[in-house]
Amino acid sequence: MNMSSMIEVNDLEKSFGNLDVLKKVSFNIAAGEAVAVIGPSGSGKSTMLRSLVHLEEVTGGSIVIQGKPLVENGKYVSGASIREITSSMGMVFQHFNLFPHLTVRGNLELAPRMLKRESVKEITARSRDLLSKVGLAEKADVYPAKLSGGQKQRVAIARALMLNPDILLFDEPTSALDPELTGEVLRVIRQLAEENMTMIVVTHEMNFARDVADRVIFMDNGEITESGTPSQIFDHPQQERTRVFLSKESRL
Ligand SMILES: Nc1ncnc2c1ncn2[C@@H]1O[C@H](COP(=O)(O)OP(=O)(O)OP(=O)(O)O)[C@@H](O)[C@H]1O
């Protein structure tokens, strides 16, 4: 095993009935790498990401997280190990998934308080720090309904950071936002990348993928058809399908 490998995926397969959504997908993510996953709608990007945190069952292949097997021969390991392994990963969803009945601070503190790994004092200190980090210190006692989409997503990122994840997974974090609100969210993700957080970002934001990612993975029809530096993918795409996709992406 490569010791700096945070995620190793080999021949991952997923079918919904007759539909093969992931067809022997393989990739590695190194510690500190920021990887953007791009590709046409329905190509399997979200399914791939969700498989890493057991939000999907898979039908074949293996996943190893920080040297620990999570999926072997298409089967997740036992329940306790799944929770232990997936707890090293934080996930941010397209639709924020905040708890509407909890304040911003309540959203951040819920999981750490339930886990009881540290004192309430430590938890409240960290939620204050993380809300400052995402520029929302003054919103701690507000309910999500009172926030803009961009603010909600920044709360969701702070919440994901509360459990000190080693890896962050973003599933189209700006796709539900009005264009004028994407910048504030992308800035936070960019800052995390600059701090060398290991991350996978599924995105339709081509400029972001080009500027922030260390590596870009292109998925098409359930397969990784290209992987390389942003310059390799955007300036010299090898595959005709990649060229067609990039030329159609209106935000490029
Ligand atoms: N629960 C499900 N049951 C059946 N089919 C599903 C299910 N979830 C996803 N699919 C199908 O799997 C395929 C891949 O979906 P996925 O969401 O992973 O693609 P994607 O690349 O993330 O697309 P997008 O960019 O539109 O979000 C699609 O054809 C989708 O319709």
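Here the structure is a predicted model, which is why all the values come from computation and not from measurement.

**Q** Account for the packing of helix α5 (residues 149-161) against helix α6 (residues 179-194), with residues named and values stated.
**A** Interaxial distance between α5 and α6 falls to 8 Å at its minimum, and their mutual angle equals 20°. Relative to α6, the element α5 lies roughly parallel. From α5, Gly149, Gly150, Gln151, Gln153, Arg154, Ile157 and Leu161 reach across to α6, where they touch Leu181, Glu184, Val185, Val188, Ile189 and Leu192. Residue composition of the contact of α5 with α6, by class: 7 nonpolar, 4 polar and 2 charged.

**Q** Mind laying out the site of the ligand, listing which residues take part and the relevant values?
**A** Around the ligand, the surrounding shell holds 13 residues, and the nearest of these are Ser41, Gly42, Lys45, Ser46 and Thr47. Glycine 42 has a polar backbone atom sitting 2.8 Å from an oxygen atom of the ligand. Between the ligand and lysine 45, the relevant distance is 2.8 Å, taken from an oxygen atom to a side-chain nitrogen or oxygen of the residue. Burial of the ligand by the protein chains amounts to 60% of its free accessible area of 640 Å². For the shell around the ligand, the secondary-structure elements that each account for two or more residues are β2 (19-30) and α1 (45-52). At 3 residues, α1 tops the list of elements feeding residues into the shell around the ligand.

**Q** Tell me about the confidence of the model for the protein chain, and name the residues and values.
**A** Per-residue confidence for the protein chain gives a mean pLDDT of 93; residues scoring 70 or more make up 98%. Taken over the whole predicted complex, pTM reads 0.94, whereas the ipTM for its chain interfaces reads 0.94.

**Q** Provide a residue-level description of the sheet that holds strand β10 (residues 215-220), including the pertinent values.
**A** Strand order in the open sheet made by the 6 strands is β7-β8-β9-β3-β10-β11, with mixed pairing throughout. Single-partner strands in this sheet number two, and they are β7 (89-92) and β11 (223-228). Taken over all neighbouring pairs, the strand axes of this sheet differ in orientation by 20° on average, direction set aside. Bridge count for strand β3 (residues 34-38) against β10 is 4 bridges, and the pairing is parallel. Counted as the bridge partner of valine 35 is arginine 215 from β10. Strands β3, β8 (167-171) and β9 (198-202) of the sheet are contacted by α6, whose axis makes an angle of about 145° with β9.

**Q** Could you give an account of the packing of aromatic side chains, naming the residues involved and the relevant values?
**A** One pass over the structure, following the stated rule, counts 1 aromatic pair. Just above the ring of phenylalanine 16 sits the side chain of lysine 14; from NZ or CZ to the centre is 4.5 Å.

**Q** Quick one: what's the story with the nonpolar core, residue by residue and with numbers?
**A** With 35 residues, the main nonpolar core has Ile157, Phe170, Ile189, Leu192 and Met199 as its most contacted residues. Among the elements that make up this core, the one with the highest residue count is α6 (7 residues). When residues no more than four places from it in sequence are discounted, the contact partners of isoleucine 189 are Ile157, Phe170, Pro173, Met199, Val201 and Phe208. Of all hydrophobic cores here, the second largest spans 31 residues; its members include Met6, Leu52, Met91 and Leu169.

**Q** Describe in detail the pattern of salt bridges, supporting the description with residues and values.
**A** For the coordinates displayed, the defined rule picks out 12 salt bridges. With a closest N to O distance of 2.8 Å, aspartate 141 and arginine 105 form a salt bridge. Of this pair, aspartate 141 sits in the loop between α4 (120-133) and α5 while arginine 105 sits in helix α3 (residues 104-115), and the two are 36 residues apart along the sequence. Residue arginine 105 is classed as partly exposed on the basis of its relative accessible area, which comes to 28%. Close ionic contact of lysine 133 with glutamate 195 constitutes a salt bridge, the shortest N to O distance being 2.7 Å. With lysine 133 in helix α4 and glutamate 195 in the loop between α6 and β9, this pair connects stretches of sequence that are 62 residues apart. Note on lysine 133: relative accessible area 29%, which makes it partly exposed.

**Q** Help me get a handle on the sheet that holds β2, residues and values and all.
**A** Read from one edge of the open sheet, 5 strands run β2-β1-β4-β5-β6, paired in antiparallel fashion. The strands lining the two open edges of the sheet, one partner per strand, are β2 and β6 (75-76). Relative to β6, strand β5 (residues 68-72) runs antiparallel, the two being bridged by 2 bridges. Within β6, the position partnered with glutamate 72 by the bridge is lysine 75. Sheet strands in contact with α1 are β1 (5-16), β2, β4 (60-65), β5 and β6, and its direction is about 60° off that of β2.

**Q** Please set out the pairing of β4 residue by residue, giving values where relevant.
**A** Counting buried residues along β4, 6 of its 6 residues qualify, which places the element largely inside the surrounding structure. The sheet contact formed by β1 and β4 spans 5 bridges and is antiparallel. Each bridged residue has a counterpart across the sheet, and for valine 9 the counterpart in β4 is isoleucine 63. The hairpin formed by β4 and β5 contains 2 residues between the paired strands, and glutamine 66 there has a positive phi angle of roughly 45°.

What counts as what
- Residues numbered from 1 in each chain as written.
- Predicted model: local features only at pLDDT ≥ 70, side-chain atom pairs only at ≥ 80, totals over all residues.
- Heavy atoms only, no water.
- Axes fitted to C-alpha atoms, helices over the stretch in contact; angles between N-to-C directions.
- Helix = DSSP H or I, 4+ residues; strand = E, 2+ residues; numbered from the N terminus.
- Parallel < 35°, antiparallel > 145°, perpendicular 65-115°, else oblique.
- Contact = heavy atoms within 4.5 Å.
- Nonpolar A, V, L, I, M, F, W, Y, C, P; charged D, E, K, R; others polar.
- Near = heavy atom within 4 Å.
- Polar contact = N/O pair within 3.5 Å; in protein donor to acceptor, adjacent residues only side chain to side chain.
- Areas by Shrake-Rupley, 256 points an atom, 1.4 Å probe, with all protein chains shown as cover.
- pLDDT = per-residue confidence, 0-100.
- Pairing = 2+ DSSP bridges.
- Phe/Tyr/Trp six-rings, centres within 6.5 Å; stacked < 30°, edge-to-face > 60°.
- Lys NZ or Arg CZ within 6 Å of the ring centre and 35° of its normal.
- Core = buried A, V, L, I, M, F, W, Y, C linked by side-chain atoms within 4.5 Å.
- Buried < 20%, exposed > 50% of the residue type's maximum accessible area, 1.4 Å probe, protein only.
- Salt bridge = Lys/Arg side-chain N within 4 Å of Asp/Glu carboxyl O.

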